[in-house]
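What follows is the residue order along each chain.
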Amino acid sequence: LPGKNEKGSPIVKPALWAAGLVLSCAAAVGIVYFQRERDAAALVAQCQATVSNGMPGASGASAQWIAADPKADSPAHCLVKATLSPVAGSTIGVAIRLPEDWNGKVLGLGGGGWAGNVTAAAAAPGLAAGYATLQTDGGHPGTVVWDNGWAANPVAADDFAWRAVHEMTVAG
């Protein structure tokens, strides 16, 4: 038991004071950790709810929470993938990413040449800046820049020319 000083107040030894401080800090860290775990679970649930609430005209929609990847400079984000088919024969692939710390702005990303681009690497700089990113494959999944064999199909040509970007934006 602690002794008493000349005023009759208990004397708390430095070791006991330090132990109390450490236990208080440990409890605070535990509370913060629990809160972060609960918040992370809520973010995962919100991410998965984006597809369960439905995406008009979408098939094969999926959502998953992607952990932050410091090596790729990519923050934690919700990834929604879907295939949009606004007309018969149309198969527009989209990838929509919403970062944990969203800045309230949207960044639409494209490909190069005749190819679309739905890669995480293309989205990483925008996500790191806080933008939600919208990407499309332009109506065909090919990544070869000069391959345009699909353009003989009028539906695929319209998807690439204008419809893919429009539908991606509406879905996002």
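For every chain, the first residue of the written sequence is number 1, and numbering continues from 1 along that sequence. In keeping with the model being predicted, local features are shown solely for residues with a pLDDT of at least 70 and side-chain atom pairs are shown and tallied solely at 80 or more, while totals for entire chains, interfaces and linings include all residues. Based on all heavy atoms of the structure, the side-chain values leave hydrogens and waters out of the count.

What follows deals with the overall build of the chain. Here a helix means four or more residues in a row that DSSP labels H or I, a strand means two or more in a row labelled E, and each is numbered from the N terminus. Regarding its fold elements, the chain presents three helices and five strands. Starting at the N terminus and ending at the C terminus, the chain contains elements arranged as α-β-β-β-β-α-β-α. Each residue's exposure class comes from its accessible area (1.4 Å probe, protein chains only) as a fraction of the maximum for that residue type: buried when under 20%, exposed when over 50%, partly exposed otherwise. Here the chain, with 172 residues, has 26% of them falling under the buried criterion. In this description, contact between two residues means that some pair of their heavy atoms is separated by no more than 4.5 Å. In the chain, the proportion of contacts linking residues at least 24 apart, taken out of those at least 6 apart, comes to 54%. We get accessible surface area from the Shrake-Rupley algorithm with a probe of 1.4 Å; when it comes to residues, only the shown protein chains can shield them. With an accessible surface of roughly 10,600 Å², the chain has 63% of that area assigned to carbon and sulfur atoms.

All right, on to the nonpolar core then. Residues belong to a common nonpolar core when they are buried Ala, Val, Leu, Ile, Met, Phe, Trp, Tyr or Cys residues joined through side-chain atoms within 4.5 Å. In this structure, Met55, Val80, Ile92, Val94 and Ile96 are the most contacted members of the largest nonpolar core, which totals 13 residues. When contributions to this core are tallied by element, the ones reaching two or more residues are strand E2 (77-84), strand E3 (92-99) and helix H3 (154-171). Filtering out sequence-adjacent residues up to four positions away, Val80 remains in contact with Thr50, Val51, Met55, Ser62, Ala63, Val94, Ala95 and Ile96.

Now for the pattern of salt bridges. Counted as salt bridges are all cases of a side-chain nitrogen of Lys or Arg within 4 Å of a carboxyl oxygen of Asp or Glu. Tallying each qualifying case throughout the model produces one salt bridge. One salt bridge in this structure joins Asp159 and Arg163, with 2.6 Å as the shortest N-O distance. Linking Asp159 with Arg163, this pair stays in helix H3, spanning four residues, or about one helical turn. The exposure class assigned to Asp159 is buried, which follows from its relative accessible area of 1%.

Further remarks concern the pairing of E3. When a strand is regular, its side chains alternate between the sheet's two faces. The buried count for E3 comes to seven of eight residues, which makes it a mostly enclosed element. In this structure, E2 lies alongside E3, joined through eight bridges in antiparallel fashion. Bridge pairing in E3 places Ala82 opposite Val94. Strands were regarded as paired on the criterion that DSSP finds at least two bridges between them. Sheet topology note: the E3/strand E5 (residues 132-136) ladder contains four bridges and is antiparallel. What sits directly across from Val94, in E5, is Thr136.

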